[in-house]
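Fold and geometry: a report
In case you want the letters, here they are:
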Amino acid sequence: MRAILAAAMLAVLGAAGTAGAASTPMASARLIGLDGKPVGTAKFTQAGHGVLIDLDVRGLKPGPHGVHIHSAGQCDSRTKFETAGGHFSPVPKNHGFMDKHGPHAGDMTNQFADANGNIRASIFNPNVTLRRGERSLFDKDGSSIVIHAATDDYRSQPAGNAGARVACGVITRM
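Residues numbered from 1 in each chain as written. Predicted model: local features only at pLDDT ≥ 70, side-chain atom pairs only at ≥ 80, totals over all residues. Heavy atoms only, no water.

Here we come to the overall build of the protein chain. For the protein chain, the helix and strand inventory stands at 1 helix and 10 strands. Ordering the α and β elements of the protein chain from the N terminus gives α-β-β-β-β-β-β-β-β-β-β. Per-residue burial for the protein chain yields a buried fraction of 41% across its 174 residues. Sequence-distant contacts, at least 24 apart, represent 62% of the contacts inside the protein chain between residues at least 6 apart. Accessible surface, the protein chain as shown: approximately 9400 Å² in total, 58% of it carbon and sulfur. (Helix = DSSP H or I, 4+ residues; strand = E, 2+ residues; numbered from the N terminus. Buried < 20%, exposed > 50% of the residue type's maximum accessible area, 1.4 Å probe, protein only. Contact = heavy atoms within 4.5 Å. Areas by Shrake-Rupley, 256 points an atom, 1.4 Å probe, with all protein chains shown as cover.)

See the structure below:
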């Protein structure tokens, strides 16, 4: 009897979890390198107070890389991803976690490429949303995720001295 009750409860919980997951806003980005070829993906899932980003990227230089959300949903490799604009900052702030007037909403922690140049990471950003509102990644010109060649120092203006943009992906709704 307990086994039947437990199975019924699991079925109900599973159905409830599926229904809740269907209403959870999600987005994705296909990242390209400077040669225009695919280098990875980012999956965005709305959480209660921010967005969880699952990053899977290959072909980078081993070591730390600045990762930011940028203000425009454009990734033109011919312009070295300058079309992505500056860091996403719908509320005026300075760049960096170490600046008393920061961070930008699009500032995130450095991520480390392993010895093979791969990054597999989950990043939580409490300053953005996939829902409507001031901090939505889906404003009039969209948003993109950008990986830089070097580490973000978390204080230099306007972008943390993180070096060239080496990968970019336009964030799109799923």
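What follows deals with the nonpolar core. In terms of nonpolar packing, the biggest core is built from 28 residues, with Leu31, Phe44, Ile53, Leu55 and Ile145 touching the most fellow members. Ranked by the residues each element gives to this core, the list is headed by strand 3 (residues 50-57), at 4 residues. In terms of nonpolar packing, the next biggest core, distinct from the first, is built from 6 residues, Ile32, Cys75, Ala84 and Cys168 among them. (Core = buried A, V, L, I, M, F, W, Y, C linked by side-chain atoms within 4.5 Å.)

The subject of this paragraph is the side chain of Asp76. If you trace the backbone, Asp76 turns up in the loop between strand 5 (67-70) and strand 6 (111-113). Filtering out sequence-adjacent residues up to four positions away, Asp76 remains in contact with Phe81 and Thr83.

All right, on to the environment of Phe88 then. Within the secondary structure layout, Phe88 lies in the loop between strand 5 and strand 6. Accessibility expressed as a relative area gives 2% for Phe88, which makes it buried. Considered as a pair, Phe88 and Ser144 are 56 residues apart in the sequence and their alpha carbons are 8.8 Å apart. Among all residues touching Phe88, those that are not within four sequence positions of it are Ile69, His70, Ser71, His104, Ala105, Gly106, Val128, Arg135, Ser136, Leu137, Asp139 and Ser143.

Below, the discussion takes up the pairing of strand 8 (residues 144-148). Most of strand 8 is tucked away: 5 of the 5 residues are buried. What you see with strand 8 is no split at all: Ser144, Val146 and His148 on one side and Ile145 and Ile147 on the other are buried throughout. Where strand 5 meets strand 8, 4 bridges bridge the pair, whose relative direction is antiparallel. Looking across to strand 8, one finds that His70 is bridged to Ser144. Sheet analysis places strand 8 next to strand 9 (residues 165-170), joined by 5 bridges and oriented antiparallel. (Pairing = 2+ DSSP bridges.)

On to the side chain of Ser144, then. Position of Ser144 relative to the elements: it lies in strand 8. At 2.9 Å, the side chain of Ser144 and the backbone oxygen of Ala72 are in polar contact. Residues in contact with Ser144, not counting those within four places in the same chain, are His68, Ile69, His70, Ala72, Gly73, Gln74, Cys75, Ala84, Cys168, Gly169, Val170 and Ile171. (Polar contact = N/O pair within 3.5 Å; in protein donor to acceptor, adjacent residues only side chain to side chain.)

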